[in-house]
Structures are given as structure tokens and as C-alpha cells.
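Summary of the model geometry
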Amino acid sequence: MNLQQFEYVIAVKELGNFSEAAEKCNIGQSTLSTMIGKLEDELGILFFDRSTKPVRVTKEGLELIKQMKIISQEVSLLKEMVFSQKGELRGNIHLGIIPTIAPYVLPNFFSQFTHNYPLLNVSVSEMTTQNIANAIKNRDLDMGLLALPLNDPDLREMPIYNEGFVLYDCTGIERKGHVDASKIDPERFWLMEEGHCLSHQVIQICNIDLKKGRKNFHFRAGSIDSLIRFVRQNKGMTLLPELSVIDMTLTEGEKIYHFKSPIPVRSVGLVYHKHFVKKAVLENVKKAVILDILPKLKESAEFALVNPV
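Keep in mind the model is a prediction, meaning the values are calculated, not measured.

1. Details of the confidence of the model for the protein
This prediction gives the protein a mean pLDDT of 81; 83% of its residues lie at or above 70. Here residues 213-218 scores under 50 on pLDDT; set against residues more than four positions off or in separate chains, the count is 9 contacts. Within the model, pLDDT remains below 50 along residues 301-305, and this stretch shows 18 contacts once partners closer than five positions in the same chain are excluded.

2. With respect to the packing of aromatic side chains
In total, this model carries 5 aromatic pairs according to the counting rule given. With centroids separated by 5.8 Å and ring planes inclined at 80°, the aromatic side chains of Phe 18 and Phe 48 adopt a geometry described as edge-to-face. In this pair, Phe 18 is assigned in helix α2 (residues 18-24) and Phe 48 in strand β1 (residues 48-49), connecting sequence segments 30 residues apart. You'll find Phe 18 and Phe 48 in the same group, each marked buried.

3. Let's talk about the pairing of strand β6 (residues 155-169)
For β6, the tally of buried residues reaches 11 of 15 residues, placing the bulk of the element in the interior. As paired elements, β6 and strand β11 (residues 265-273) share 9 bridges and run antiparallel to each other. Looking across to β11, one finds that Glu 157 is bridged to Val 271. Relative to strand β9 (residues 237-241), β6 runs antiparallel, the two being bridged by 5 bridges. Bridged to Phe 165 within β9 is Pro 241. Judged from the 2 bridges that link them, β6 and strand β10 (residues 256-257) form a sheet pairing that is antiparallel. Residue Leu 167 lies in a different strand from β10, and its bridge partner there is Tyr 257.

4. A short note on the pattern of salt bridges
In total, this model carries 12 salt bridges according to the counting rule given. For Arg 266, the salt bridge identified is with Glu 163, shortest N-O distance 3.2 Å. Here Glu 163 lies in strand β6 and Arg 266 lies in strand β11, a separation of 103 residues in the sequence. By the burial criterion, Arg 266 is buried, and Glu 163 matches it. Two residues, Glu 252 and Arg 232, come together in a salt bridge whose shortest N-O distance is 3.4 Å. Linking Glu 252 in helix α9 (residues 250-253) with Arg 232 in helix α8 (residues 224-233), this pair joins segments that are 20 residues apart in sequence. Under the relative-accessibility criterion, Arg 232 is labelled partly exposed at 35%. One connected set of salt bridges, linked through shared partners, spans Arg 232, Glu 252 and Lys 255.

Here is what the cut-offs are and how they apply
Residue positions are given per chain, counting from 1 as you read along its sequence in written order. For a predicted model such as this one, the threshold for reporting local features is a pLDDT of at least 70, and the threshold for listing and counting side-chain atom pairs is 80 or more; totals across whole chains, interfaces and linings nevertheless cover every residue. In computing side-chain properties, one takes all heavy atoms of the structure into account and sets aside hydrogens as well as water. pLDDT measures how confident the predictor is about each residue, on a scale from 0 to 100. By definition in these notes, contact holds between two residues if any of their heavy atoms fall within 4.5 Å. The pairing test for Phe, Tyr and Trp rings, Trp by its six-membered ring, is centres within 6.5 Å, and the orientation test on the planes gives stacked under 30 degrees, edge-to-face over 60, and tilted for anything in between. The helix count covers DSSP runs of H or I at least four residues long, the strand count covers runs of E at least two residues long, and both are numbered beginning at the N terminus. Remark: exposure states derive from per-residue accessible area (1.4 Å probe, protein chains only) relative to the maximum for the residue type, with buried under 20%, exposed over 50%, and partly exposed in between. Pairing between strands is defined by DSSP: at least two bridges between them are needed. By definition here, a salt bridge exists when the distance from a side-chain nitrogen of Lys or Arg to a carboxyl oxygen of Asp or Glu is within 4 Å.

Printed below as a string of C-alpha cells:
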């Protein structure tokens, strides 16, 4: 029994296919099957029902594979602790980012970050807030970049910056100066779909009761881009994070309005498990995010770093 065999079993369980699992583990299928078979013989238990496609995990195998995954993760954490104590940034990092942040941080951030730390393998997934939180608690992700707070006892939060919201108004209403967030007309207001934290934030910020708005048509956008397109086409309005309007054309920029004080803002930061050990990686990801977004927002009154690096 060894960790390599655990890796093979876990790969088959996740992919449901011996061939794909072998490819993921960079070995031949026959070698993978043989190694798993030897482990099954040693333990006297079958992990998989090989007669089904995809391969089905047996009831007995399911519990054992859960424990194998825990053991593999703990060994990985032990290695990461050694690297961290030596001041080395190496290994694997899995990061989740919410869709209302990812398009504006990722393009410059990761090319530079991976260049600076060539021994660190970085993978990124665009996910909703709840999926990120669940994945971190299941140890499928190391950290998430999202809007705070989550107030989850199993997670720790590291605020990085506060980002203001602006009003994107395509109604044609003539406005002068700054607008009052509490006086937005719900009849012409549109949001991201449920499940995106931006919707919840906007409703709280503006105290908007959408039930008083449209009665016969409801639309919740899945991304900021589709939200902007829909609002523009239907002459509506919405709230957008400051980063999302930085690269707008001059014509589109004329539809952007800033708010009166108190300005609606959201806190953005990193979230990680309470037992997370890759502290050096955490700090360097924080610095990289700041270096990427700071030049874009340093002129914005609605933007502020939290505990600047």
C-alpha cells in the first residue's frame, strides 16, 4: 500500500474511466489497472465495478477512497509546510475567482505571477461565491478571490481592497452631479442572476425592492458583459463595480454616474481554509492582485486598499 496507488484510485473515482485516469497520472492504463488491482487484493476489497461505464465506485470503496483523499491531502500539506518554512514558493495552488472579478484581474495577474514563481503550478476556476466556499472546505480549492464577508467559521478572510459601485444608466434620464443610491427606480433596474453575490450586494446597498418593479418580465444576467448589453438594449439601469467600467468607450462612459456619499462599496479579498498552511503563497497572491489592479484604480475615489502592502 502506497500513496501512488491512492493517487490512481482517486483519479479513477473522479474521472470514472481507467484510460482517462491513466492519462492524468501520466502512466499506461495497464500499469494503473495492475497497481489498483494489487491494492484491492491486499485489502480484500474491490473499489470499482468495472462492468459499468462510467466505472462505478462500490459501496465499500467509497468510504475507503474518502479516507485516501484525506491522507493524500495531509501529505501534500506536509510538503507545503516544508516549502513554506524554507521560503520556497513551489507546488500546486488552486484558486477560485467570482465572475464579477475574474475578467478584470486575471489577464495581467497570472502571466506575471507564474513568471515570477516558475516552480508554482497555478490553476484557476471561475466560480460563484458559494461554490468557492464549498470547494475550499472540501479542500478542492486552496483559496478564493471574492467579495467579503462570508462569516463562515471554517474559513479565514484577508481583505485586500474596497471597490466602489457606479450607476450604469441607459434610460436617457437627464442627471446632474452625483446620484442618490436610495432613489433608484426598480421598474427599470436589472441585476445579475441569483447565486451571484453581486445581486445580493446591490439589493442591500440600494435597499431595492424588485417586487415593486416589473410584473410581467424578469431577467437575471449570468455575467457583467451580458448585463451591460441587456441594460443598454432595453434602456434600463444597473449597478456595476468600478473595475468593470475602466475600459469603457467615451460614449459608454457618459452613461456612468457616481454616487453621493456614502458611496456604495464592496470589500474584496482572499478566503482560505482555517488550516491553510501556504501562508507565503497567500501573501504573494495578495501582492500580485494589488499590483495588477492598483494602476487601474489609483485615480478612483471609490477605491481603497485594505492594509496596503
